Amino acid sequence: MRMLISDAYMSIGTSGIHLSLHYSCSTMSATEAGGVVASDGDSSRRTTMSTTKAGSAVASDGDSRRRELQAFDDTKAGVKGLVDSGITSVPAIFRYPPESLLLEAIPCTDAAIPVIDLSDARREEVIRQVKAAAETVGFFQVVNHGVADEVMAAMLAAVRRFNEAPAEAKRPYYTRDITRKVRFNSNFDLFQSSVASWRDSIYCGVAPEPPRPEELPEALRDVILDYGDAVRKLALRVIELLSESLGLASDHLREMGCVDSLGVVSNYYPPCPEPHLTLGTRSHTDPTFLTVLLQDDIGGLQVLLDHGVGRKGWVDVPPLPGALIINIGDFLELVSNGRFRSGEHRALANRRTDTSRVSVASFFDGRSSTRHYCPIKELISLDGSEPQLYRSITIQEFYAHLYKNGLDGLHGRPTLDYFKTLVQADFTRHRSPPQALKIVRLGELPGQARFFRVSTKRLRSAWSLQLLRLK
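Residues numbered from 1 in each chain as written. Predicted model: local features only at pLDDT ≥ 70, side-chain atom pairs only at ≥ 80, totals over all residues. Heavy atoms only, no water.

Novice: Describe helix H5 (residues 123-136), naming the residues involved and giving the relevant values.
Specialist: The end-to-end C-alpha distance of H5 is 20 Å, a good match for the 20 Å that 14 residues give at a rise of 1.5 Å each. Listing the buried residues of H5 in full gives Val 126, Ile 127, Val 130, Ala 133 and Ala 134. Across the axial projection of H5, the buried residues extend over an arc of 135°, all falling on one side. After H5 finishes, the residue Gly 138 shows a positive phi value of roughly 80°. (Helix = DSSP H or I, 4+ residues; strand = E, 2+ residues; numbered from the N terminus. Expected span 1.5 Å × (residues − 1). Buried < 20%, exposed > 50% of the residue type's maximum accessible area, 1.4 Å probe, protein only. Arc of directions from axis to C-beta.)

Shown next, in the form of structure tokens:
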């Protein structure tokens with residue numbers, strides 16, 4: 001049984017270009033289908049001894065890497081343990097491919113990552129600024145946000161104190177059991193991602209059911225729940241502004257449970273002997289509705305910005321005293337039907353040799369919810385101008401996919417792409433689509449292929465499409 005395309009339809013609406021594919025299944029041979037699909041038998045016959053040998057070498061390398069990862073994880077000391085041991089070079093499991101580290105860096109401006117004063121009495125102006133940031137870069141900083149400076153300082157100090165305690169004091173909290181409310185480890189996706197990152201983290205599930213005091217490390221016990229309460233009050237204010245910016249009632253997103261669940265992830269980035277070879281956190285988007293980030297005065301956060309005409313570059317987000325960073329997560333992009341942008345970002349490896357870097361990410365991740373989430377109906381148009389971009393999902397389904405594939409994603413694609421509607425193309429945000437593009441989320445169709453590659457050609461007032469090959 002082979003999958004063939006029988007029709008393709010495209011409509012141009014106010015929010016971009018939407019492609020619908022109509023498919024049929026046929027027993028036509030690959031030759032009859034114009035060479036689009038090669039039969040499994042042909043593929044098998046082309047397998048050679050050299051391929052077998054290459055496969056064996058890859059498997060051997062994979063086994064060796066797995067042993068290195070396991071040996072590192074078994075120490076339960078994290079990256080801090082490596083630094084304390086006196087290493088002078090970055091181990092192979094942390095070395096990123098050079099092409100993943102090379103992208104143009106550009107200076108940060110308020111126009112790129114805006115700073116929004118939440119004490120501004122002009123509510124409509126604040127909503128306008130929040131809307132603009134959420135729809136473009138997905139990041140903004142807030143000042144006069146209501147979280148006291150001393151609470152933020154105490155939280156950063158507590159994270160540093162925990163991570164700089166003796167290894168034996170941290171070891172009881174080291175685990176990869178995701179059912180535990182408090183867990184310390186290095187790289188949650190250590191065994192799924194292609195490369196490990198230069199950081200250690202401790203996670204604490206703060207809401208809706210916080211851990212018992214005795215479950216918390218002593219260093220965090222007196223501050224993390226108070227910090228979580230303060231950040232949640234801020235998130236409620238921001239989610240109301242975001243709701244109004246969509247033309248909805250101020251409580252619409254709150255009533256959907258967008259800020260009901262809170263997990264606080266405290267990251268510790270030890271000095272790195274070769275920071276040009278690795279990253280503190282790989283490029284990713286957040287599996288949340290909303291993230292509130294507190295960083296110390298060292299910095300290291302970068303956001304990927306699109307400058308148009310195929311140019312992208314990383315912009316540094318330098319620490320701003322007293323500010324907190326807000327970013328849109330994948331779930332808000334989904335329920336807003338793509339109006340809000342889940343911004344891609346990363347953290348550099350710590351280049352300082354005299355001190356570690358600390359940050360605290362508060363993830364409003366919806367994990368306690370069992371409901372199905374899909375684009376809000378008021379944000380979908382029946383005339384096709386604003387088609388539904390994402391299918392209905394549960395948070396548990398999303399996280400199952402994330403934990404299985406890590407931040408690398410399936411086939412190197414972001415996790416959110418996997419939940420696009422069956423025929424939603426990558427270029428919905430672009431007025432002029434690129435010459436080559438991929439159509440995602442075809443894995444449920446018959447056959448082995450997950451992606452189509454198509455070309456586009458301008459033809460009067462419409463776009464013509466040609467199926468080139470299955471990939």
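Novice: Describe the sheet that holds strand E4 (residues 115-117), with residues and values.
Specialist: Overall, mixed pairing links the eight strands, which are arranged E4-E5-E13-E10-E15-E8-E7-E6 in an open sheet. Only two strands of the sheet have a single partner each, and these edge strands are E4 and strand E6 (182-185). When strand polarity is set aside, the average angle formed by the axes of neighbouring strands in this sheet is 25°. Where strand E10 (residues 290-295) meets strand E13 (residues 324-328), four bridges bridge the pair, whose relative direction is antiparallel. Opposite Val 292, over in E13, you have Ile 326 as the bridge partner. Across the sheet, helix H9 (residues 224-245) is in contact with strand E5 (139-143), strand E7 (200-207), strand E8 (262-269), E10, E13 and strand E15 (357-364); its angle to E10 comes to roughly 130°. (Pairing = 2+ DSSP bridges. Axes fitted to C-alpha atoms, helices over the stretch in contact; angles between N-to-C directions. Contact = heavy atoms within 4.5 Å.)

Novice: Quick one: what's the story with the packing of aromatic side chains, residue by residue and with numbers?
Specialist: What the rule picks out here adds up to 14 aromatic pairs. Taking 5.7 Å as the distance between ring centres and 85° as the angle between the ring planes, the aromatic pair formed by Phe 188 and Tyr 403 counts as edge-to-face. Placement of the pair is Phe 188 in the loop between E6 and E7 and Tyr 403 in helix H12 (residues 395-405), with a sequence separation of 215 residues. You can call Phe 188 partly exposed: its relative accessible area is 31%. On the basis of an interplanar angle of 85° and a centroid distance of 5.3 Å, the ring pair of Tyr 418 and Phe 419 is categorised as edge-to-face. (Phe/Tyr/Trp six-rings, centres within 6.5 Å; stacked < 30°, edge-to-face > 60°.)

Novice: Describe the nonpolar core, with residues and values.
Specialist: In terms of nonpolar packing, the biggest core is built from 74 residues, with Met 155, Leu 242, Leu 253, Leu 290 and Leu 332 touching the most fellow members. Among the elements that make up this core, the one with the highest residue count is H9 (ten residues). Among residues more than four places away in sequence, those in contact with Leu 290 are Ala 235, Val 238, Ile 239, Leu 242, Ile 326, Asn 327, Ile 328, Gly 329, Leu 332, Ser 362, Phe 363 and Phe 364. Among the nonpolar cores identified, the runner-up in size contains 15 residues, and Ala 112, Phe 139, Ala 361 and Phe 363 belong to it. (Core = buried A, V, L, I, M, F, W, Y, C linked by side-chain atoms within 4.5 Å.)

Novice: Any details on the pairing of strand E9 (residues 279-284)? Residues and values, ideally.
Specialist: Taken across its six residues, E9 has five buried, putting it largely inside the fold. With three bridges connecting them, E9 and strand E14 (residues 345-348) associate as antiparallel partners. Its bridge partner being in E14, His 284 is matched across the sheet by His 345.

Novice: Explain unusual backbone geometry to me, and be specific about the residues and the numbers.
Specialist: Between Ala 207 and the following residue, Pro 208, the backbone shows a cis peptide bond with an omega angle of 10°. Structurally, Pro 208 can be placed in the loop between E7 and helix H8 (218-221). Even without being glycine, Lys 76 reaches a positive phi, approximately 55°. With respect to the helices and strands, the residue Lys 76 is situated in the loop between helix H2 (49-74) and helix H3 (78-84). A relative accessible area of 32% means that Lys 76 is categorised as partly exposed. Although it is not a glycine, Asn 187 sits at a positive phi angle of roughly 65°. By secondary structure assignment, the location of Asn 187 is in the loop between E6 and E7. In this structure Asn 187 comes out as buried when scored by relative accessible area, which is 2%.

Novice: Go over the packing of H5 against H9, please, and point to the residues and values.
Specialist: Taken N-terminus to C-terminus, the directions of H5 and H9 make an angle of 85°; their axes are 9 Å apart at the nearest point. In terms of orientation, H5 lies roughly perpendicular with respect to H9. Taken together, the residues of H9 that come into contact with H5 (itself represented by Arg 123, Val 126, Ile 127, Val 130, Lys 131 and Ala 134) are Glu 240, Leu 241, Leu 242, Glu 244 and Ser 245. Along the lines of polarity and charge, the residues of the contact of H5 with H9 split into six nonpolar, one polar and four charged. (Parallel < 35°, antiparallel > 145°, perpendicular 65-115°, else oblique. Nonpolar A, V, L, I, M, F, W, Y, C, P; charged D, E, K, R; others polar.)

Novice: If you had to explain the pattern of salt bridges to someone new, which residues and values would you point to?
Specialist: Enumeration over the complete set of coordinates arrives at 21 salt bridges. Residue Arg 95 is joined to Glu 274 by a salt bridge in which the shortest nitrogen-to-oxygen separation is 3.2 Å. Here Arg 95, found in the loop between H3 and helix H4 (98-101), pairs with Glu 274, found in the loop between E8 and E9; they are 179 residues apart in sequence, far enough to count as distant. By relative accessible area, Arg 95 is classed as partly exposed at 35%. The network of salt bridges with common partners includes Arg 160, Glu 164 and Asp 296. (Salt bridge = Lys/Arg side-chain N within 4 Å of Asp/Glu carboxyl O.)

Novice: Explain the side chain of Ser 201 to me, using residue names and the numbers behind them.
Specialist: Looking at where Ser 201 falls in the secondary structure, it is placed in strand E7. Assessed through its relative accessible area of 9%, Ser 201 is described here as buried. A distance of 2.6 Å separates polar atoms of two side chains, one belonging to Ser 201 and the other to Asn 267. Excluding residues that lie within four positions of it along the chain, Ser 201 makes contacts with Arg 183, Phe 184, Asn 185, Val 265, Ser 266 and Asn 267. (Polar contact = N/O pair within 3.5 Å; in protein donor to acceptor, adjacent residues only side chain to side chain.)

Novice: If you had to explain H9 to someone new, which residues and values would you point to?
Specialist: Here H9 is 22 residues long and its end C-alpha atoms lie 31 Å apart, about the 32 Å a rise of 1.5 Å per residue gives. A positive phi of about 80° marks Gly 247, the residue just after H9.

Novice: Provide a residue-level description of a negative patch on the surface, including the pertinent values.
Specialist: A grouping of Glu 218, Asp 222, Asp 226 and Asp 229 is seen on the molecular surface, where their side chains present a negatively charged patch. Inspection of the secondary structure assignment puts Asp 222 in the loop between H8 and H9. Using a relative accessible area of 70% as the deciding quantity, one classes Asp 222 as exposed. (Patch = residues over 30% accessible without salt bridge, like charges linked within 9 Å, V, L, I, M, F, W, Y side chains within 5 Å. Areas by Shrake-Rupley, 256 points an atom, 1.4 Å probe, with all protein chains shown as cover. Lys, Arg positive; Asp, Glu negative; His and termini not counted. Charge placed at Lys NZ, Arg CZ, Asp CG, Glu CD.)

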